[in-house]
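Spelled out from the first residue to the last, the chains are:
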Amino acid sequence: MASRKSSRAAGGSPSPGSKRETKHGGSKNGKKEGLSGSSFFTWFMVIALLGVWTSVAVVWFELVDYEEVLAKAKDFRYNLSEVLQGKLGIYDADGDGDFDVEDAKVLLGLKERSVPAQPTPPESEETVQAAEKSYVESEHKTADVELEDESQSVLHETLHSQPDADLLADGLEAVESEPYEVPASDDYVVSMEGRVSDPEAPGDSEVVLEDAMEHYTEPKHEKQTETQDTAIHDLPEEVNEATEPDKVTEDFDVAKDVSVESKQSEDDMAVEPEESEIPVQAEDYSNDVRVGKSEKETEQDKTEKAKKKKPKLLNKFDKTIKAELDAAEKLRKKGKVEEALRAFEALVNRYPQSPRARYGKAQSEDDLAEKMRSNEMLQQAINTYDEVVSLPNVPSDLIKLSLKREADRQQFLGRMRGSLVTLQKLVQLFPSDTSFKNDLGVGYLLIGDNSNAKKVYEEVLSLAPNDGFAKVHYGFILKAENKIAESIPYLQEGLESGDPGTDDGRFYFHLGDALQRMGDKEAYKWYELGYQRGHFASVWQRSLYNVKGLKAQPWWTARETGYTELVKSLEKNWKLIRDEGLAVMDKKSSLFLPEDENLREKGDWSQFTLWQQGRKNENACKSVPKTCALLERFPEATGCRRGQIKYSIMHPGTHVWPHTGPTNCRLRMHLGLVIPKEGCRIRCAQENRAWEEGKVLIFDDSFEHEVWQDAENYRLIFIVDVWHPELTAQQRRTLPAI
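These lines cover the structure that appears in this document, whether it is placed above or below. No experiment lies behind these values; they were computed from the predicted model shown. Within every chain, residues take consecutive numbers counted from 1 along the sequence as written. In keeping with the model being predicted, local features are shown solely for residues with a pLDDT of at least 70 and side-chain atom pairs are shown and tallied solely at 80 or more, while totals for entire chains, interfaces and linings include all residues. To obtain the side-chain values, all non-hydrogen atoms of the structure were used and water was disregarded.

Here the focus is the packing of helix α16 (residues 337–350) against helix α17 (residues 355–372). In this description, a line fitted to the C-alpha atoms serves as the axis of each element, helices being fitted only across the stretch in contact, and the angle between N-to-C directions of two axes falls anywhere from 0 to 180 degrees. Runs of E in the DSSP output that reach at least two residues are strands. Runs of H or I that reach at least four are helices, and both are numbered from the N terminus. At a minimum axis separation of 8 Å, α16 and α17 run at an interaxial angle of 155°. For the element pair α16 / α17, the angle class is roughly antiparallel. Crossing hand, α16 versus α17: left-handed. Judged by residue contacts, Val-337, Glu-338, Ala-340, Leu-341, Phe-344, Glu-345, Leu-347 and Val-348 of α16 engage Arg-356, Ala-357, Arg-358, Gly-360, Lys-361, Ser-364, Glu-365, Asp-367, Leu-368 and Lys-371 from α17. Between 65 and 115 degrees an angle is taken as roughly perpendicular, under 35 as roughly parallel, over 145 as roughly antiparallel, and anywhere else as oblique. For any helix crossing, the convention is left-handed if the near helix is rotated counterclockwise from the far helix by under a right angle, and right-handed if that rotation is clockwise. Contacts are residue-level and defined by heavy atoms, with any inter-residue pair within 4.5 Å sufficient.

Here you go:
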């Protein structure tokens, strides 16, 4: 019995222990035939853990840029946890649902295991989804920032601004009328026209108010472009001895409503301005503490500026079609002008009472006019701006923008009186807004109506005694009336105010000039400040319309100019030139005209002009035919559209105030014809020289110069202006005339 049991235990039915052994890889004879199931599982876990530790090592030792992989995965919108991590979620140590660097740190013992974060409740997920939906659904509401809220304080400033005038001169040159000569001293009109017109070039950065404001920028008059010196009409005739178109006369009557179509077809607008010609005022001093203002006051100004009310451009109806307006405006912003115009035209046809749609149409026409260089299209834009105002329920801010732009475009086309009517309408609609009155004053100045301009600025100063813009312009007018002492406080206080539109080189120029005439040495303090502000090339060289990089020195030799043949010809034929000039002087009806630019402190000074702005005076040349024939051989002189060729006679007892010419683009030659032995001299910068009969003096009249005639007899010289020798042929062809 016992043996039977033993035998069964040994070879019969297996015991539980033997079953387990067999199950785990044992054999009936006690020998292993392969891995047991438990051994296979063990090795599987070892391999799996090795993979985990390898992954940890890769991440921890930065063998792979995990963050970059993550970023790329996000870019391609992959589910990173599934793509990279597989089933490693079971090793999540920080409870965030995935295996990452933080989990690796926990496994390495570098960080304590964190308590798993509570799962996001379903309500939270719904909130997130709702937010996403809200973002999509309210996309057009977000675009409100573009149409109404992008610019917080631009409207008030921009409506008062005068855009830069990079394209003005060229546009005007292309559409200029029949020759119309005006006093050389009309510098306000010359440069102010540039300052109040600006068809900005595509691509210019602008302050944006859903781009409805793009045509208006902060008034940066200190950044005048050189091309400002060209106007609708021909520019000032200089009748002084050393070019003074930047001086003021008693009469600024220049703009006799010249029509833009007189010599140019309406489809041709301006030629691109010469890129090399830039204003002296090239630096940005917007962050400087303003003259006469403390830093505290300047900060207060900035605070007040930030608090200004946001402009409103949409009425109730326009808000209901905001999405359509946005879509059309987006096309215009992207420079797709033709598509934008079609879109706005469709909106105007569909919603004829929509002010914003019509304003967008006007802007698109404005942009297209610039692109096409078409005056006809620009006139269409002007008409559309005017239509905006005639619609019902137009927001006041949109009325201001439309009329302001309409006036600006009218000025660009030379329709100064039409612009004046538009500005008068603005003043009538918004009588409490002194900025529009200031613009109206400029409008009067542009047509030479100093009297009405003066009244406007007096009204502004009665309402706003500290208005700096009104002060500098009022002072400017007083100086034009030769009320020198009276003009000084207005010019000075206006500049010290730092108000928009006051930091202008002309106001520094005229304040310094007024102080000089009063014998006040403070003049050079203001010239120095004008130089520091970038308005002047130097304290001595104060021309405002310049080409950058030209050699600048007060006195020149013939060899330095390169015009030796011209100089030799003048000196060789000086007696011929003299005799023809004397013959003209002897005529009873003298062709010599008095200097009328208010440049003389005292005395008698007259000129007889043969060439002006590169144009020959045929009638004058009939009186001195040999002299004119002699000069025809020298295009550097006869073709100099920024100068003159003329006789100049000065009688004893004459003193010419210190003054400068308008541009650094020319040099001035003086040929002595009748020179007294003593008492006549000229100063340029800090050096005095005297004339000699038959000899040529050459100087750069953009530097300050002054003349004394204390001799016993008259002095007669012959003046020949020539292009600056460093100007290229292209520049000589394209620079606007002065």
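In this section: unusual backbone geometry. A positive phi angle is found at Gln-613, which is not glycine, with a value near 55°. Relative to the helices and strands, Gln-613 is located in the loop between β4 (605–612) and β5 (615–616). For every residue, the accessible area obtained with a 1.4 Å probe (protein chains only) is divided by the maximum for its type, and the residue is called buried under 20%, exposed over 50%, and partly exposed between those limits. For Gln-613, a relative accessible area of 3% puts it in the buried group. Located in the positive-phi region is Ala-685, a residue other than glycine, with phi close to 60°.

So, on to the environment of Ala-737. By secondary structure assignment, the location of Ala-737 is in the segment after α33 (729–734). Accessibility expressed as a relative area gives 18% for Ala-737, which makes it buried. Spatially, the C-alpha atom of Ala-737 lies 5.2 Å from that of Arg-642, the residues being 95 residues apart in sequence.

Let's shift gears to the side chain of Ser-364. With respect to the helices and strands, the residue Ser-364 is situated in helix α17. The residues touching Ser-364, leaving out its near neighbours within four places in the chain, are Arg-332, Val-337, Ala-340, Leu-341 and Phe-344.

Attention now moves to a positive patch on the surface. A contiguous patch of positive charge, built from Lys-309, Lys-310, Lys-312, Lys-316 and Lys-319, is present on the exposed surface. The residue Lys-312 is located in the loop between α13 (295–306) and α14 (316–320) in this model. Put simply, a patch holds well-exposed residues, over 30% relative accessible area, that have no salt bridge, with like charges counted together within 9 Å and Val, Leu, Ile, Met, Phe, Trp or Tyr side chains within 5 Å. All accessible-area figures derive from a Shrake-Rupley calculation using a 1.4 Å probe, and residue coverage is judged against the displayed protein chains alone. What counts as a salt bridge is simple: a side-chain nitrogen of Lys or Arg found within 4 Å of a carboxyl oxygen of Asp or Glu. Working convention for charge: Lys and Arg count positive, Asp and Glu count negative, and His plus the chain ends are omitted. Working definition for charges: the position is that of NZ of Lys, CZ of Arg, CG of Asp or CD of Glu.

Only centres within 6.5 Å qualify two rings of Phe, Tyr or Trp (six-membered ring in Trp) as a pair; their planes then separate them into stacked at under 30 degrees, edge-to-face at over 60, and tilted for everything else. Under the counting rule described, the total for this entry stands at 14 aromatic pairs. Each ring, one from Tyr-508 and one from Trp-526, has its centre 6.2 Å from the other, and the planes form 45°; the classification is tilted. Taken together, the residues Tyr-508 in helix α25 (residues 505–517) and Trp-526 in helix α26 (residues 523–532) connect sequence positions 18 residues apart. Like Tyr-508, the residue Trp-526 is buried in the burial classification. Taking 6.1 Å as the distance between ring centres and 20° as the angle between the ring planes, the aromatic pair formed by Phe-608 and Tyr-647 counts as stacked. Placement of Phe-608 in strand β4 and of Tyr-647 in strand β6 (residues 644–650) is noted, with a sequence separation of 39 residues between them. Overall, Phe-608 belongs to the buried group, its relative accessible area being 3%. Ring pairs connect the aromatic residues Tyr-524, Tyr-527, Phe-536 and Trp-540, which therefore count as one cluster. Here, a charge over a ring is recorded when the distance from Lys NZ or Arg CZ to the ring centre is within 6 Å and its angle to the ring normal is within 35 degrees. The lysine or arginine in question, Lys-400, covers the ring of Phe-430, its NZ or CZ lying 4.9 Å from the ring centre.

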